[in-house]
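The chain contents come next:
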Amino acid sequence: MHLKPHTAQPLPLSPVGVSQGKQQNRSEAVQIRSNPPAGARGEYDVLRFPVIDWDFRWQRPQQISEQFALHGHRVFYITTDIAVLPMEEPVYEDVARHVGIKRIEPNIWLITLCATRKLNLYRDLMNETDIRYLSWSIDYVRARFRIEHLVSIVDLPFWTPLVTAIGNHKLVYDCMDEHQGFSTNDKAILSQEEQLVHSADLVVASSQALYDRMKELHPSTLLLRNAADASHFYNPMPVAPELTSIRGPVIGYYGAISDWFDIRLIGQLAARRPDWTFVLIGHTFGCDTSVVESLPNVMLLGEKPYERLPSYLHRFDVALIPFLENELTRATNPVKLYEYLAAGKPVVSTYLPELETVAAGLTLVARTPEDFEQAIERSLQQQGPREVQARMQFARSHTWEMRYIELHEQILSRLFPKVSVVILTYNNWAYTRQCLTSLQKPGRYPNMEVIVIDNGSTDETRQRLAELDSDLFRIMFSSTNLGFAAGNSLGCRKASGEYIILLNNDTIVPDGSWIRRLIHPLAIDPDLGMTGPMSNHVGNDQAVDHFVGNPVEGAHSDWLRDFYEFYEGGSRYTDLLGFFCVAIKRSVIEQIGDLDSNYGVGMFEDDDYCERVKRAGYKLAIIEDAFVYHHGSATIKKLKPGEYDQLWRNNKSYYERKWNKVWQMPKPPENRFSGAVSSEEVASRLANITVECVLVLGEREWSRQDPRWKRIVKQLAADRKRIIVVHLMKYHQQDVIGIRKAGPQVYFTNRLDLFSRVRFDSVIYCGETEQQPDVHARRELIDGPSYHAHQLRDLTAKLENAEVLEELCPAQLARGSIGSKEPQPSS
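Draft legend 1. How the structure looks around the overall build of the chain. When helices and strands are counted, the chain shows 30 helices and 39 strands. For the chain, the spread of C-alpha atoms along the principal axes amounts to about 105 × 75 × 40 Å. For the chain, the proportion of its 827 residues judged to be buried stands at 59%. Sequence-distant contacts, at least 24 apart, represent 74% of the contacts inside the chain between residues at least 6 apart. With an accessible surface of roughly 33,600 Å², the chain has 48% of that area assigned to carbon and sulfur atoms. Between the centroid of the 92 positive side chains of the chain and the centroid of its 105 negative side chains there is a distance of 3 Å.

So, in structure tokens, the structure goes:
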């Protein structure tokens, strides 16, 4: 999509960002792009919600965004132009087709979001409809680029309703201006700033005044001043043609010439000193320049490209910052200050608090026209090598790369707390290789270390571990088999993370989200001590009832996508977590201590540690939307049968003596219909429930396609207030056998006969073309849009009492068009 400049309403031209649109031929940027592909090293992605377009004026948003890209992050920069969808009631697929995506540099894409109307970032408030379509636009981008770890950086309060509505991202508010100082910003927009601050995970302020104000509203606030691309402005260029014929001093300024610019001061100075030439570069929107237009020694040159600015700046004898003193400028940390000094130029400014703080001794400040004239006079004399070098050195110590590094470190430490993954190995290199390979997938957690403790392996494991990347892996070798408890305890003591995950080497982690899913509940719940994921092979109620995958790849990607959607945000407390994968707060480990090494090689040490954590006052939780594939007891299974049985008996006995209680078998996987093999048993499981029970008759095969009937299932299941039974024969080409639990309240079955004695609250025909005579329901509903006209005509003839839903979309159906009567066994 072609991105047009904003012409209807000039953008607010910030006094802190003064450089014009930057072209593709970068200076230092092109030379240092030697990073691996984005995401290969586990970097988070950045979504920038800006105040200006990428190509309008080159300032802080673009500079920092480019630094993220240079250091391996993918950057998605939103345009200020919202695309208007051409249809009246667009669906998600319509939005996906109209989202604008344009790659403009390595690791940088321009993204144009969609809505049903034009939105002005400085005047309009979003309504619920706007938020829906803008959110869908973001969802599409995240899905297309498989964004796993997202940091959203917001520059303007306009974006608040959107960024607070989208989930699974870290929110950073970059407060770079006193927004109420701009005449272009509507007060209604500005009123959202406080909500944005409170919703943010991190607030960044560009000046001391902004920092002081933000700090009162948000405890996690970072002072991150502006900077310069020092090498770009240091390198001299041939003088710009417009300035080659000037004789005598050139007193210059570039940047926005708006209502905060003291144009009268320039007029007074130019009238008093006709021997000086005043060169003003920049857009003049909002400024009455008539007071200088008739003066022969004032040149108004308009906007100039970022790449050409040094050719003007190096001809300046003195560089100016002639701002009026007001609330806006008192909070300003001017980018041009750093760029002027990068070229070694003396700077004369009106009073700005930030100049006294960051550049005292390198600039001259004047408050009256007379003082300003004298300051320029003195600056014309301060052109010696020592003064020039001091200015350049200042700029070299304030670069955008330095600002990125500081911000990146704060994002990692505050938003992505360090996680130490501890893995114990003993032979079985094939399993270990699978596990370690899965940990290195693109999109992995951004702040992770992997500590591998080898328990005296005698196969190729030790050799292969020694070859691993030392930036990610820390390897420790034991000459003997320390056992499960002692080996993991050693790893915990070596770990430096705020959270520690004990992970078996016979596991396969599915994607980059598993760590985020496990530690988020620990971060928000002070009473929670440990969390564990669901799995295909575990001896308690962490086991999923319905799974599709294999021992080579782990979870099937399509199954995993559905699993995440059905279980999103789900968790439940438990008494026991399997230690094939368990996340623990570091503070809990420090309080509880090491795992009990008296359990030797293994078994019951996880039961033991769970007991200790609970008795210390902490809770345990199964994170239902986290999954880790587990081969299952890869090491312990190699024991001889007699050795295994004896170890089990010994450790069970030790556990019972230690805690003075009888060990109980763990809970089985959750499935309301587990063990029910007759219609009578199935009906009895539903006899006393107090929620709706709905049968969905779709197309009998669940695949990667997303037809309407699947959306109906997912939207009905979203609120978890009803039991959903879906008649299926195949799920992603796998046979469905019996009654399988696919979500918190969702069951797939190929056996409708097992439900013949159940009276459902509702049965929804949304793909099935034949009447199901053994199905009994209080209401029969037909979703009209799921059928062709002749199919609908035939089906309604068969279902005489059915209600045809012609206008209702799946979301409306899920919100209440289904009744709430309890299902009863059919007579």
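Now that the structure has been shown, we can carry on.
Draft legend 2. Structural view of the packing of helix α23 (residues 557-567) against helix α28 (residues 708-717). With their axes 9 Å apart at the nearest point, α23 and α28 run at an angle of 35 degrees to one another. Between α23, through D562, E565 and F566, and α28, the contact on the second element is made entirely by V713, K714 and A717. A class-by-class count of the residues in the contact of α23 with α28 yields three nonpolar, no polar and three charged.

Draft legend 3. Spotlight on the side chain of T574. Within the secondary structure layout, T574 lies in strand β27 (residues 571-574). With relative accessibility at 9%, the residue T574 sits in the buried group. There is a polar contact of 3.4 Å between the side chain of T574 and the backbone oxygen of L576. Residues in contact with T574, not counting those within four places in the same chain, are D541, L620, A621 and I622.

Draft legend 4. Representation of the sheet that holds strand β6 (residues 100-105). Taking strand neighbours across the sheet as the criterion, the eight strands line up as β6-β7-β4-β2-β9-β10-β11-β12 in an open arrangement whose pairing is mixed. The sheet terminates laterally at β6 and β12 (221-223), the two strands that pair on one side only. Across the sheet, the mean angle separating the axes of adjacent strands is 25 degrees when strand polarity is ignored. Relative to strand β9 (residues 150-154), strand β2 (residues 45-49) runs parallel, the two being bridged by five bridges. Counterpart to V46 in the pairing with β9 is V151. Its contacts with the sheet place helix α2 (residues 60-70) against β2, β4 (75-78), β6, β7 (108-112), β9, β10 (170-175) and β11 (202-205), and it is angled at close to 160 degrees to β4.

Draft legend 5. Up close: the pattern of salt bridges. Tallying each qualifying case throughout the model produces 53 salt bridges. Between R757 and E680 there is a salt bridge, with its nearest N and O atoms 3.2 Å apart. Of this pair, R757 sits in the loop between β35 (746-749) and β36 (758-765) while E680 is found in helix α27 (residues 679-685), placing the two residues 77 residues apart along the sequence. Accessibility expressed as a relative area gives 37% for R757, which makes it partly exposed. Relative accessible area serves as the criterion here: at 45%, E680 is assigned to the partly exposed category.

Draft legend 6. Structural detail: the environment of L490. Here L490 shows up in helix α21 (residues 484-494). Along the primary structure L490 and Q715 are separated by 225 residues, whereas in three dimensions their C-alpha atoms are 47 Å apart. Not counting chain neighbours up to four residues away, the residues in contact with L490 comprise I453, M476 and L482.

Draft legend 7. Quick look at the pairing of strand β28 (residues 581-585). Counting buried positions along β28 yields five of five residues, so the element is predominantly enclosed. In β28, alternate side chains face the same way, and those of C581, A583 and K585 on one face and V582 and I584 on the other are all buried. Relative to β28, strand β22 (residues 499-504) runs antiparallel, the two sharing five bridges. Looking across to β28, one finds that I501 is bridged to A583.

Draft legend 8. The packing of aromatic side chains, seen in detail. Counted by the stated rule, this structure contains 44 aromatic pairs. Taking 5.2 Å as the distance between ring centres and 70 degrees as the angle between the ring planes, the aromatic pair formed by F604 and W663 counts as edge-to-face. Of this pair, F604 sits in the loop between α24 (586-592) and α25 (605-615) while W663 sits in the loop between α26 (641-659) and α27; the two residues are 59 residues apart in sequence, bridging distant segments of the chain. We classify F604 as buried; its relative accessible area is 5%. Here the aromatic cluster, defined as three or more aromatic residues joined through ring pairs, consists of W54, W58, Y77, F233, Y254, Y306 and Y340. Above the ring of Y351, the side-chain terminus of R367 is found at 3.9 Å from the ring centroid. Between the NZ or CZ atom of R517 and the centre of the ring of Y564, over which it lies, the distance is 3.6 Å.

Draft legend 9. Molecular detail of the nonpolar core. Formed by 170 residues in total, the largest nonpolar core has its most connected members in F49, F68, W159, I376, V421, L503 and W514. Leave out the neighbours within four places in its chain, and I376 touches I251, L269, W276, V318, L320 and V348. Residues A495, L502, W709 and L728 belong to the second largest nonpolar core, which totals 60 residues.

Draft legend 10. Looking closely at helix α14 (residues 335-342). The element α14 is largely enclosed, with a buried count of eight among its eight residues. Buried within α14 are the following residues: V335, K336, L337, Y338, E339, Y340, L341 and A342.

Draft legend 11. Structural context of the pairing of strand β14 (residues 277-281). Burial analysis of β14 places five of its five residues in the buried class, the great majority of the element. Covered by surrounding structure in β14 are T277, V279 and I281 together with F278 and L280, the residues of both alternating faces. Two strands pair when backbone bridges link them, and strand β13 (residues 250-254) and β14 are joined in this way by five bridges, in the parallel orientation. Looking at β14, one finds that Y253 is bridged to L280. In the sheet, β14 pairs with strand β15 (residues 298-302) via four bridges, with the strands oriented parallel. Bridge assignment links V279 to a residue of β15, and that residue is M299.

About the cut-offs
Residues numbered from 1 in each chain as written. Predicted model: local features only at pLDDT ≥ 70, side-chain atom pairs only at ≥ 80, totals over all residues. Heavy atoms only, no water. Helix = DSSP H or I, 4+ residues; strand = E, 2+ residues; numbered from the N terminus. Buried < 20%, exposed > 50% of the residue type's maximum accessible area, 1.4 Å probe, protein only. Contact = heavy atoms within 4.5 Å. Areas by Shrake-Rupley, 256 points an atom, 1.4 Å probe, with all protein chains shown as cover. Lys, Arg positive; Asp, Glu negative; His and termini not counted. Charge placed at Lys NZ, Arg CZ, Asp CG, Glu CD. Axes fitted to C-alpha atoms, helices over the stretch in contact; angles between N-to-C directions. Nonpolar A, V, L, I, M, F, W, Y, C, P; charged D, E, K, R; others polar. Polar contact = N/O pair within 3.5 Å; in protein donor to acceptor, adjacent residues only side chain to side chain. Pairing = 2+ DSSP bridges. Salt bridge = Lys/Arg side-chain N within 4 Å of Asp/Glu carboxyl O. Phe/Tyr/Trp six-rings, centres within 6.5 Å; stacked < 30°, edge-to-face > 60°. Lys NZ or Arg CZ within 6 Å of the ring centre and 35° of its normal. Core = buried A, V, L, I, M, F, W, Y, C linked by side-chain atoms within 4.5 Å.

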